[in-house]
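Results of the structural survey
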Amino acid sequence: MSEPLLLLIAAAFLLAGFVKGVIGLGLPTVSMGLLAVTMQPSHALAIVIVPAIVTNIWQTFVGPYLRDIIRRLWPLMVGTVIGIWLNSGMLTGPYARYGTIVLGILLVIYAIIGLKKFSFSVPRSDEKWIGGIVGVMTGVVSAATGVQVIPSMPFMQAIGMEKDELVQALGVFFTVATLALAFNLTAAGLLTAATALPGAVAMVAAFTGMFIGQAVRSRLQPDVFRRWFLIAMILLGIYLTGSALYNTYRA
């Protein structure tokens, strides 16, 4: 792998880690979006997967809510694993080139939902069966794009978790989802020794960004930062979708 590409990977994960350090999420979303500019989503995901697993495991155990999170979200997590398995061929199949288009559209949807602050409410009595359906949908999308925030993120916000519990729940859910994706990548022959060096660069950059983000979190206004981050995601999503459609049309 060339040095300019390694520098791009380091810069992408430094920024993605910084975002995660400040607002508690966004590492796979930002890094996948930036890397997809220069490579297929399947190859980007092979680089993203290990840093995502490690940082999410760390986030999983920061907080006292783990048992309650598992009790409430197990249908969501099981559904996500099933959805990832059902759509596993999307990474290497004949429709793999459309993954960038889907990723760009999802980035725009995710950012608009965040900017508009749509409010949904799911009754406690219905959260398990709805969670299972949302999980399957999230898994199908995740298998094609590597992004797990749609529609899982709005669902977790809708079931009424407290702020600290939600942050820990995101870590638990993303850990399960990224582990399932790792099995897909291994089966497809994409997670190999060749990804070790870029993966190591990505992990170091991600943790560096996270520590910087956490250090400056108290000095920034997280809501302002989050708003500009979401606006940037809209622009990036539009660019990815437009360029992928243009390349598909030329092909």
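Here is what the cut-offs are and how they apply
Residues numbered from 1 in each chain as written. Predicted model: local features only at pLDDT ≥ 70, side-chain atom pairs only at ≥ 80, totals over all residues. Heavy atoms only, no water. Helix = DSSP H or I, 4+ residues; strand = E, 2+ residues; numbered from the N terminus. Buried < 20%, exposed > 50% of the residue type's maximum accessible area, 1.4 Å probe, protein only. Contact = heavy atoms within 4.5 Å. Lys, Arg positive; Asp, Glu negative; His and termini not counted. Charge placed at Lys NZ, Arg CZ, Asp CG, Glu CD. Phe/Tyr/Trp six-rings, centres within 6.5 Å; stacked < 30°, edge-to-face > 60°. Expected span 1.5 Å × (residues − 1). pLDDT = per-residue confidence, 0-100. Polar contact = N/O pair within 3.5 Å; in protein donor to acceptor, adjacent residues only side chain to side chain. Salt bridge = Lys/Arg side-chain N within 4 Å of Asp/Glu carboxyl O. Core = buried A, V, L, I, M, F, W, Y, C linked by side-chain atoms within 4.5 Å. Axes fitted to C-alpha atoms, helices over the stretch in contact; angles between N-to-C directions. Left-handed = near helix turned anticlockwise from the far one by under 90°. Nonpolar A, V, L, I, M, F, W, Y, C, P; charged D, E, K, R; others polar. Parallel < 35°, antiparallel > 145°, perpendicular 65-115°, else oblique.

**So, the overall build of the chain**
For the chain, the helix and strand inventory stands at 10 helices and 0 strands. Along the chain, from the amino end to the carboxyl end, the secondary structure elements read α-α-α-α-α-α-α-α-α-α. Overall, the chain is about 50 × 45 × 35 Å in size when its C-alpha atoms are taken along their principal axes. Split into buried and exposed, the 251 residues of the chain put 50% on the buried side. When contacts within the chain are restricted to residue pairs at least 6 apart in sequence, long-range pairs at least 24 apart make up 84% of them. One way to put it: in the chain the 15 positive side-chain charges average out to a point 6 Å from where the 8 negative ones average out.

**Focus: the packing of aromatic side chains**
Summed over all chains, the structure comprises 2 aromatic pairs. Aromatic side chains Phe-207 and Phe-211 sit 6.3 Å apart centroid to centroid with 35 degrees between the ring planes, which places their arrangement in the tilted category. Here Phe-207 and its partner Phe-211 are both found in helix H9 (residues 196-216), 4 residues apart, which amounts to about one turn of the helix. In this structure Phe-211 comes out as exposed when scored by relative accessible area, which is 54%.

**Quick look at the environment of Ala-52**
Among the secondary structure elements, Ala-52 is positioned in helix H3 (residues 41-60). Its relative accessible area of 1% is what places Ala-52 among the buried residues. It is 9.9 Å that separates the C-alpha atoms of Ala-52 and Ser-31, two residues lying 21 residues apart in sequence.

**Quick word on helix H5 (residues 99-116)**
For H5, with 18 residues, the first-to-last C-alpha span of 26 Å sits near the 26 Å given by 1.5 Å per residue. Lys-117 sits one or two positions beyond H5 and adopts a positive phi of about 55 degrees.

**Regarding unusual backbone geometry**
Leave glycine aside and you will find that most residues have negative phi; peptide bonds, for their part, are mostly trans. Backbone torsion omega between Ile-150 and Pro-151 reads 0 degrees, so that peptide bond is classified as cis. Tracing the chain through its elements places Pro-151 in the loop between helix H6 (127-145) and helix H7 (152-158).

**Points about the confidence of the model for the chain**
This prediction gives the chain a mean pLDDT of 84; 96% of its residues lie at or above 70. Within the chain, helix H4 (residues 66-86) carries the highest mean pLDDT (94), whereas helix H10 (residues 222-250) carries the lowest (80).

**Considering the side chain of Thr-55**
In this structure, Thr-55 sits in helix H3. At 2.8 Å, the side chain of Thr-55 and the backbone oxygen of Pro-51 are in polar contact. At 3.2 Å, the side chain of Thr-55 and the backbone oxygen of Ala-52 are in polar contact. Apart from the residues within four sequence positions on either side, Thr-55 is in contact with Lys-20, Leu-27, Phe-207 and Met-210.

**A few points about the pattern of salt bridges**
Opposite charge on two side chains allows them to pair when their charged atoms are near. Under the criterion given, the structure shown has 3 salt bridges. A salt bridge links Arg-72 to Glu-127, with the shortest nitrogen-to-oxygen separation between them at 3.0 Å. Placement of Arg-72 in helix H4 and of Glu-127 in helix H6 is noted, with a sequence separation of 55 residues between them. This pair shows no difference in class: Arg-72 is buried, exactly as Glu-127 is. Salt bridges linked by common partners bring Arg-72, Arg-124 and Glu-127 together as one network.

**A closer look at the nonpolar core**
Core analysis: the largest hydrophobic core is formed by 63 residues, its most contacted members being Phe-13, Leu-35, Leu-73, Phe-155, Met-156 and Phe-229. Residue contacts for Phe-13: discarding those within four places in its chain leaves Leu-27, Ser-31, Leu-35, Ile-47, Val-48, Pro-51, Ala-202, Ala-205 and Ala-206.

**Description of the packing of helix H1 (residues 3-23) against H9**
Think of two packed helices as two axes; the pair is described by the angle between the axes and how far apart they sit. One way to put it is that H1 packs onto H9 with a least axis distance of 6 Å and a crossing angle of 35 degrees. The element H1 and its partner H9 pack so that their crossing is right-handed. In the contact of H1 with H9, the residues fall into 16 nonpolar, 6 polar and 1 charged.

**Section: the packing of H3 against H9**
The contact between H3 and H9 brings their axes to 8 Å, and the two run at 40 degrees. Overall, the two elements H3 and H9 adopt an arrangement that is oblique. The way H3 lies across H9 gives a crossing that is right-handed. Across the interface between the two elements, Ile-47, Val-50, Pro-51, Val-54, Thr-55 and Trp-58 from H3 touch Pro-198, Gly-199, Ala-202, Met-203, Phe-207, Met-210 and Gln-214 from H9.

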